[in-house]
Amino acid sequence: SRMRRLGMMLSSCCSQSHLALVDVKGFDPSDVCVTVRDGKVTVSAEHTEEQNTALGKTCTHRKFMKEFSLPPGVDDDEVTYSV
């Protein structure tokens, strides 16, 4: 099912603790983009789906963005993520 629940875990390689868990439900992993710049992490996703029905064509577009600051002492290059 395309609506399966996906969680994206953000971590710091120099710390055993996790920084965040972001719910990206409704998006494929290839739809998700993560950028880390200037002490901020931005998680965004975008998906467009078109379907032909007996009544015509329908288009569904979903977009998501979440941004947050890294904790003090965590360097941009230390952040890793997985889906």
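Residues numbered from 1 in each chain as written. Predicted model: local features only at pLDDT ≥ 70, side-chain atom pairs only at ≥ 80, totals over all residues. Heavy atoms only, no water.

### So, the overall build of the protein
Then step 1. Assigned secondary structure in the protein consists of zero helices and six strands.
Then step 2. Order of helices (α) and strands (β) in the protein, N terminus to C terminus: β-β-β-β-β-β.
Then step 3. Every one of the 83 residues in the protein was classed for burial, and the buried ones make up 29%.
Then step 4. When contacts within the protein are restricted to residue pairs at least 6 apart in sequence, long-range pairs at least 24 apart make up 45% of them.
Then step 5. Taken as a whole, the protein presents about 5,800 Å² of accessible surface, with 50% of it coming from carbon and sulfur. (Helix = DSSP H or I, 4+ residues; strand = E, 2+ residues; numbered from the N terminus. Buried < 20%, exposed > 50% of the residue type's maximum accessible area, 1.4 Å probe, protein only. Contact = heavy atoms within 4.5 Å. Areas by Shrake-Rupley, 256 points an atom, 1.4 Å probe, with all protein chains shown as cover.)

### Here's the deal with the packing of aromatic side chains
Then step 1. For the coordinates displayed, the defined rule picks out one aromatic pair.
Then step 2. Ring plane angle 45 degrees and centroid distance 6.5 Å describe the contact between Phe-27 and Phe-64, whose orientation is recorded as tilted. Here Phe-27 is found in the loop between strand E2 (18-23) and strand E3 (32-37), whereas its partner Phe-64 is found in strand E5 (residues 56-69), with 37 residues between them in sequence.
Then step 3. Taking relative accessible area as the criterion, Phe-27 reaches 7% and is therefore assigned buried. (Phe/Tyr/Trp six-rings, centres within 6.5 Å; stacked < 30°, edge-to-face > 60°.)

### Quick notes on the nonpolar core
Then step 1. Within the largest apolar cluster, 13 residues are counted, with the highest numbers of intra-cluster contacts made by Val-32, Val-41 and Val-43.
Then step 2. Of all the secondary structure elements, the ones that give two or more residues to this core are E2, E3 and strand E4 (40-53).
Then step 3. Sort the elements by how many residues they give to this core and E4 lands first, with three residues. (Core = buried A, V, L, I, M, F, W, Y, C linked by side-chain atoms within 4.5 Å.)

### Looking at the pattern of salt bridges
Then step 1. With the rule as written, the count across this model stands at one salt bridge.
Then step 2. Measuring nitrogen to oxygen at the nearest pair gives 3.1 Å for the salt bridge that ties Glu-50 to Lys-57.
Then step 3. Judged by relative accessible area, Lys-57 falls into the exposed class, the value being 57%. (Salt bridge = Lys/Arg side-chain N within 4 Å of Asp/Glu carboxyl O.)

Keep in mind these values describe shape, not function.
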